[in-house]
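Working through the structure, step by step
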Amino acid sequence: MTISSNGLCALVSALLMAAPGLAHGAEPDEVGIIAVVMRSDGAVRKLVREEVYAIFVLDKRGNLQPLDLPETDPVRAAFYMRLAGKSLGMMRALRSTLVFTGAGRPPKQLELAAVHERLANDPTAIAYLPMPDLPLGVRVVATLAPAP
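Residues numbered from 1 in each chain as written. Predicted model: local features only at pLDDT ≥ 70, side-chain atom pairs only at ≥ 80, totals over all residues. Heavy atoms only, no water.

Moving on: the environment of Val 99. In this structure, Val 99 sits in helix α4 (residues 88-101). Here Val 99 is in contact with Gly 104, Arg 105 and Pro 106, once residues within four sequence places are set aside. (Helix = DSSP H or I, 4+ residues; strand = E, 2+ residues; numbered from the N terminus. Contact = heavy atoms within 4.5 Å.)

Structural data, given as C-alpha cells:
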C-alpha cells in the first residue's frame, strides 16, 4: 500500500485533530484585546487582518520575524481562534501540512519575557500580546478584540 503526499498530509491532519484535547479551542474568557506589535521604529505602521493572517498562519512573512507565545499561554489560543477561527490543534495540523509540503514554517515560539526582549532588539520581530502587557517601545500595528 502506498500513500501519496496529499494522502499522508490528510491522514496526519486527521490524526492531530482527533487526538484528545487537541481540537478543543474555546477562547479563554479572561483574554481581552490582543495587540499585534512591532518595535516602534519598525517599517510597518499598520496591518489589516488579512496581512496578519498571511504572516502568522500562511508564513507569508517577507522580512518580518513572527513570534508565537507557548501553546500553554491562553493568549495564543485566543489569538488563533480570533484570527483564523482555528483551535491550537487545527493550527498544528495546518502547520504540519505547510512544513511537510515545504510551503511554510511556524513562527518561532518564545516565552513572554523573551518576546519582549526580541521586540526590543529586533526591528523585524512581530508578535501578539494582550493589551495590558505591552512593553515600552512597541507600536500596535493591528488589534483583535473578543467577539461581542
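There is more to say after this.
Our next topic: the side chain of Arg 95. Relative to the elements of secondary structure, Arg 95 occurs in helix α4. At a separation of 3.1 Å, a polar atom in the side chain of Arg 95 contacts the side chain of Asp 68. Other than its neighbours up to four places away in sequence, Arg 95 contacts Phe 56, Asp 68, Arg 76, Tyr 80, Pro 106 and Pro 107. (Polar contact = N/O pair within 3.5 Å; in protein donor to acceptor, adjacent residues only side chain to side chain.)

Moving on, we get to the sheet that holds strand β4 (residues 125-130). With respect to topology, 5 strands assemble into an open sheet ordered β3-β2-β4-β1-β5, the strand pairing being mixed. Sheet topology places β3 (108-109) and β5 (138-144) at the edges, where each strand pairs with a single neighbour. In the packing of helix α2 (residues 49-56) onto the sheet, the strands contacted are β1 (34-39), β2 (65-68), β4 and β5, and the crossing angle to β4 comes to about 110°. (Pairing = 2+ DSSP bridges. Axes fitted to C-alpha atoms, helices over the stretch in contact; angles between N-to-C directions.)

That's the geometry; what it means functionally is another story.
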